[in-house]
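# Fold and geometry: a report
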Amino acid sequence: MNPHAKLLSSLSLLLGTTITISSNHWVMAWAGLEINTLAIIPLISKPHHPRAIEAAIKYFLVQAAASALVLFSSMSNAWATGQWDITQLTHPTSSLLLTTAIAMKLGLVPFHFWFPEVLQGSSLITALLLSTMMKFPPITLLFLTSHSLNPTLLTIMAIASTALGGWMGLNQTQVRKILAFSSISHLGWMAAIIIYNPKLTLLTFYLYSLMTATVFLTLNTTKALNLPMVMTAWTKTPTLSATLMLALLSLAGLPPLTGFLPKWLIIQELTKQEMTTTATIIALLSLLGLFFYLRLAYYSTITLPPNSTNHMKQWHTNMSTSTLTATLTSLSISLLPLSPMILTTI
C-alpha cells in the first residue's frame, strides 16, 4: 500500500474517532463515525484478495446501515424533543433505534454475523484495529446515552452475545475467527453493565483492548493465522509463545492475571444491582470462552507437532515492535495487584 495512502487512512481514523468521542451534537458524532468507516475500508481491502474485497464490502454495507439508523434515531429524537444534544436522548423509540444501531456497529448478537467474516478477510493488524479502535466511538455513544437505554434489551443482548461468543468459538481453527468470537463475548460483558456503571464499561473496554492488542501483535510477529501455525511458532520465538499463553489466559479472565479484574468488578456490580441471575449466567457462559483460550494456549506452548518446521530461532526481530509487544504483555499479565489504584478511577 502506498505510504501516503496509509498515512491518510491512519490520520482519518484518528480524526473520526476524536470527532465522535468529543462531540455533543448528534450530526457531528455521525460525521465522525462516517469518517472512521471510510478510513478503514482501504486498510481492509489492501491485500487485493477476493476475501479481503468481500470483507470490505460487507463492512461498508453494515456500517452504512448502522450509521443511517444512528441518524434516523437522532432525527426522531430531535423531532419529539427539540434536542440535538447526545445526552438528551429521552424518546423511547429513538433510544431503541440507537441501541440497535450501536449493536450493529459493535457486532453484538443478533447483529454479529458480519464481524467474524470481516476479521477473517483482513490482515492481523487491520483485525486488531477493527477489534479495538473501531469499537471505541460506538461504546462512547453508549456511555453518553447510558441513562436512557432499555435495560431489558441490553441484558438480553449481553447474555446472547456471551453465549454465542463462547459457543461459536469452540469449533474454530482460524485464529482471527476465534478472536472475533472472543470480542463478541467480551462485548456482552460490557453491554450487561453499561446502564449500571458506565465507567466500569470503559475500564473493561480499555483492558480488553490492551489484552487483545498483545495477542494480535504476538500472532503478527509469529505470522500465525490458524492453529497448526500457532503450534509450530515456538521454533521461531519460544519466549513469545510462552508469553502468548499468559496473555490468552488473561483474556480468559483467570484470577492472577489482569483479565480477572473487569469480570470480578462486573459480577460484583451486577450483584449489587440485584441481578444475581444475570451475573451467574454470564459467569457460567464465560467458561465456554475459557475452553477455547485454553485450547489456543495449549497449542501455542504445550503441544509439539509431529513434524517441526525448519525454522531456526530468530536472532533479530523488529526492535520497536518487540518493545511494544513486551510492554503490552507485561501490562496484560500483571495489572491485577494495582486494582485498588484502578478502582479509584471508577
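The chain has the name NADH-ubiquinone oxidoreductase chain 2 in an unreviewed UniProt entry, where Cathartes burrovianus is given as its organism. According to UniProt, the comment filed for the chain under the heading Subcellular location (unreviewed entry) is "Mitochondrion inner membrane".

### Brief notes about the overall build of the chain
For the chain, the count of helices and strands is 16 helices and 0 strands. In terms of overall dimensions, the chain is globule-like: its C-alpha atoms have a radius of gyration of 20 Å, near the 20 Å expected for 346 residues. Structurally, the chain occupies a C-alpha span of about 65 × 50 × 35 Å along its principal axes. The buried share among the 346 residues of the chain stands at 53%. Taking contacts inside the chain between residues at least 6 apart in sequence as the whole, the part at least 24 apart equals 77%. Separation between the mean location of the 15 positive side-chain charges and that of the 6 negative ones in the chain comes to 17 Å.

### Concerning the nonpolar core
Ile 40, Ile 44, Tyr 59, Leu 130, Val 215, Leu 219 and Leu 270 are the most contacted members of the largest nonpolar core, which has 93 residues in total. Per element, the largest residue contribution to this core is 13 residues, and it comes from helix α10 (residues 198-222). Here Ile 40 is in contact with Leu 13, Tyr 59, Thr 126, Leu 129, Leu 130 and Met 134, once residues within four sequence places are set aside.

### Re the environment of Leu 288
Structurally, Leu 288 is set in helix α14 (residues 276-302). Along the chain, Leu 288 and Gly 165 lie 123 residues apart, while their C-alpha atoms are 8.4 Å from each other. If sequence neighbours within four positions are ignored, Leu 288 has contacts with Ala 163, Gly 166, Trp 167 and Leu 170.

### Some points on the pattern of salt bridges
Should the charged atoms of two oppositely charged side chains come close, the side chains can pair. Tallying each qualifying case throughout the model produces 2 salt bridges. Here Glu 54 ties to Lys 58 by a salt bridge, and the two come within 2.8 Å at their closest N and O atoms. With a gap of 4 residues between them, Glu 54 and Lys 58 both fall in helix α3 (residues 50-81), about one helical turn apart. According to the relative accessible area criterion, Glu 54 is partly exposed, its value standing at 38%. The salt bridge partner of Lys 177 is Glu 117, with a shortest N-O separation of 3.4 Å.

### Some words on the packing of helix α2 (residues 26-44) against α3
When two helices pack together, their arrangement is given by the angle between the helix axes and the distance between those axes. One can describe the packing of α2 onto α3 by two numbers: an axis separation of 10 Å at closest approach and a directional angle of 180 degrees. When the axes of α2 and α3 are compared, the pair comes out roughly antiparallel. Touching Trp 26, Trp 30, Leu 33, Glu 34, Thr 37, Leu 38, Ile 40, Ile 41 and Ile 44 of α2 are Ala 52, Ala 55, Ala 56, Tyr 59, Phe 60, Gln 63, Ser 67, Val 70, Leu 71 and Ser 74, all from α3. Here the contact of α2 with α3 is built from residues that sort into 14 nonpolar, 4 polar and 1 charged.

### Notes on the UniProt feature "signal peptide" (unreviewed entry) in the chain
UniProt marks residues 1-22 with the feature "signal peptide" (unreviewed entry), using the numbering shown here. Secondary structure across residues 1-22 comprises 91% helix and 0% strand; the distance between its end C-alpha atoms is 31 Å.

### A short note on helix α4 (residues 92-106)
Compared with an ideal rise of 1.5 Å per residue, which puts 15 residues at 21 Å, α4 spans 21 Å between its outermost C-alpha atoms and is within 8% of the ideal. Where burial is concerned, most of α4 is hidden: 11 out of the 15 residues are buried. Among all positions in α4, only Ser 94, Ser 95, Leu 97, Leu 98, Thr 99, Ala 101, Ile 102, Ala 103, Met 104, Lys 105 and Leu 106 are buried. On its buried face, α4 is in contact with α2, α3, α5 (114-120), α7 (136-144), α8 (151-169) and α9 (175-193). Downstream of α4 by one or two residues, Gly 107 has phi in the positive range, about 90 degrees.

Quick notes on the rules
- Residues numbered from 1 in each chain as written.
- Predicted model: local features only at pLDDT ≥ 70, side-chain atom pairs only at ≥ 80, totals over all residues.
- Heavy atoms only, no water.
- UniProt positions renumbered as here; feature names shortened; annotations may be inferred.
- Helix = DSSP H or I, 4+ residues; strand = E, 2+ residues; numbered from the N terminus.
- Rg over C-alpha atoms; globule rule 2.2 N^0.38 Å.
- Buried < 20%, exposed > 50% of the residue type's maximum accessible area, 1.4 Å probe, protein only.
- Contact = heavy atoms within 4.5 Å.
- Lys, Arg positive; Asp, Glu negative; His and termini not counted.
- Charge placed at Lys NZ, Arg CZ, Asp CG, Glu CD.
- Core = buried A, V, L, I, M, F, W, Y, C linked by side-chain atoms within 4.5 Å.
- Salt bridge = Lys/Arg side-chain N within 4 Å of Asp/Glu carboxyl O.
- Axes fitted to C-alpha atoms, helices over the stretch in contact; angles between N-to-C directions.
- Parallel < 35°, antiparallel > 145°, perpendicular 65-115°, else oblique.
- Nonpolar A, V, L, I, M, F, W, Y, C, P; charged D, E, K, R; others polar.
- Expected span 1.5 Å × (residues − 1).

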